[in-house]
Amino acid sequence: MTIQNCMERKKNNLRVVFMGTPDFSVPALEKIAQKHEVIGVVTQEDRPKGRGHKMQYTPVKEKALELELPVYQPAKAKAPEFVAILRKLNPDVIVVIAYGQILSKEILDLPKYGCINVHASLLPKYRGAAPIQWAVINGDEESGVTTMYMGEGVDTGDMIDKKVVPLEAKETGGSLFDRLAVEGSELILQTLEKLENGTAVRIPQKEEEATHVGKITKELGQIDFRQSAKSIECLIRGLNPWPSAFTTLQGKTLKIWDAEVINENCSETPGTILEADKKGFLVATGEGILKILELQIEGKKRMETQAFLNGFEISETSLGE
């Protein structure tokens, strides 16, 4: 590549401020840094973690330091002193992916091309927190990622690009998280290219099609066997790896990591253990039968059901009592 070509490429690169915090944001940071000039990486503050309460860098900070990019960790991004820093950086665009703070209108209006968000759903469906897990929990056949111009509302801005991702039969919250992180990193490059060449569109969201989802809590994982076997199986996959779906067995918490649906009529009370032997671990539900394939009893490691049954004698007739 000639010096002139290098200079031309540098000239055409966008000056990007990247704002993100978790693992989900990392692939996009890497991709953008390869193509554009990342002049600042903004992430949440370091927090204590583990038994020793040792201060832990966010995944985005770790990657930014590895890439030798400048890192900023304001307690509040909308604080006047940090807004002043952003003004001095003078970015062409601010890319926001799972940052974790609401941005002020002052910040939203600051860059030439605005603030662009990568959201892990096919907007306007699943605005709000945890769209990835809810897609699995609700048994959706597809999910995806959307890039959009950020506004003052939560996930309400005009859309630019979308990428549809079909869900696999055994898709979990964790596996979909990883897949959408990669898809989002590729989609944001496509969107930034459109911003550069003036072909980025604005597609308003249809409010009548909008759905809102809340945060995932540990309590959400408690299995209600009055629900259908299909709904419970989706819950198990959606909450894998965190916080996991669970019930109780003989006074101990029993996490269910994998299960399958048997579409047979069952007149037994939901939660009744129909079989727990070499044939399998079958439980009655409100509709159909749940076959438990992998589990974890309190105080033990996760294991396949057969290994569990070889060393654990079940004396109760129901789960969740």
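First things first, this report covers the structure right here in the doc. (Residues numbered from 1 in each chain as written. Predicted model: local features only at pLDDT ≥ 70, side-chain atom pairs only at ≥ 80, totals over all residues. Heavy atoms only, no water.)

A word on the overall build of the protein chain
Along its length, the protein chain carries nine helices and 17 strands. Along the three orthogonal principal directions, the C-alpha set of the protein chain runs to about 75 × 45 × 40 Å. A buried classification covers 46% of the 321 residues belonging to the protein chain. Within the protein chain, counting contacts between residues at least 6 apart in sequence, those at least 24 apart form 64% of the total. Of the side chains in the protein chain, 40 bear a positive and 46 a negative charge, and the two mean positions are spaced by 5 Å. (Helix = DSSP H or I, 4+ residues; strand = E, 2+ residues; numbered from the N terminus. Buried < 20%, exposed > 50% of the residue type's maximum accessible area, 1.4 Å probe, protein only. Contact = heavy atoms within 4.5 Å. Lys, Arg positive; Asp, Glu negative; His and termini not counted. Charge placed at Lys NZ, Arg CZ, Asp CG, Glu CD.)

Some points on the packing of aromatic side chains
In this structure the tally under the stated criterion is three aromatic pairs. Consider the rings of F24 and F177, whose centres lie 5.3 Å apart with planes at 65°: the pair is edge-to-face. Of this pair, F24 sits in the loop between β1 (15-20) and α2 (26-35) while F177 is found in helix α7 (residues 173-197), placing the two residues 153 residues apart along the sequence. With relative accessibility at 28%, the residue F177 sits in the partly exposed group. With 4.8 Å between their ring centres and 20° between their planes, F308 and F312 make a pair best called stacked. Cation over ring: K61 sits above Y57, and NZ or CZ is 3.9 Å from the ring centre. Here R302 stacks its cationic end above the ring of W257, 4.1 Å away from the centre of that ring. (Phe/Tyr/Trp six-rings, centres within 6.5 Å; stacked < 30°, edge-to-face > 60°. Lys NZ or Arg CZ within 6 Å of the ring centre and 35° of its normal.)

Quick look at the sheet that holds β1
With respect to topology, seven strands assemble into an open sheet ordered β5-β2-β1-β6-β7-β9-β10, the strand pairing being mixed. Each edge of the sheet is formed by a strand with only one pairing partner; in this case those strands are β5 (71-72) and β10 (159-166). In terms of strand pairing, strand β9 (residues 142-149) meets β10 through seven bridges, oriented antiparallel. Counted as the bridge partner of T147 is D161 from β10. (Pairing = 2+ DSSP bridges.)

Section: the packing of α2 against α7
Direction vectors running N to C along α2 and α7 enclose 35°, while the axes themselves pass 8 Å from each other. In this structure, α2 meets α7 at a crossing whose hand is right-handed. In this structure, α2 contributes P27, A28, K31, I32 and K35 to the contact, and α7 contributes A181, S185, E186, I188, L189 and L192. (Axes fitted to C-alpha atoms, helices over the stretch in contact; angles between N-to-C directions. Left-handed = near helix turned anticlockwise from the far one by under 90°.)

Re the side chain of S25
Examined against the element boundaries, S25 turns out to sit in the loop between β1 and α2. The exposure class of S25 is buried, given its relative accessible area of 0%. Each residue touching S25, except ones within four places of it in the same chain, is listed here: F18, G20, V60, I97 and A98.

Side note on the nonpolar core
In terms of nonpolar packing, the biggest core is built from 62 residues, with F18, F281 and L319 touching the most fellow members. The biggest single contributor to this core is α7, with seven residues. Sequence-distant contacts of L319, defined by excluding residues within four places in its chain, comprise F225, T247, T248, L249, L254, G271, I273, F281, V283 and I292. Within the second largest apolar cluster, 17 residues are counted, among which are M19, L103, L108 and L110. (Core = buried A, V, L, I, M, F, W, Y, C linked by side-chain atoms within 4.5 Å.)

Side note on the pairing of β9
Counting buried residues in β9 gives seven out of eight residues, a clear majority hidden from the surface. Across four bridges, the pairing between strand β7 (residues 115-119) and β9 is antiparallel. For V118, the partnering residue across the bridge sits in β9 and is T147.

Considering the pattern of salt bridges
One pass over the full model with this rule turns up 18 salt bridges. The closest approach of N and O atoms between R202 and D158, which form a salt bridge, is 3.4 Å. Of this pair, R202 sits in the loop between α7 and β11 (212-213) while D158 sits in the loop between β9 and β10, and the two are 44 residues apart along the sequence. Taking relative accessible area as the criterion, D158 reaches 23% and is therefore assigned partly exposed. (Salt bridge = Lys/Arg side-chain N within 4 Å of Asp/Glu carboxyl O.)

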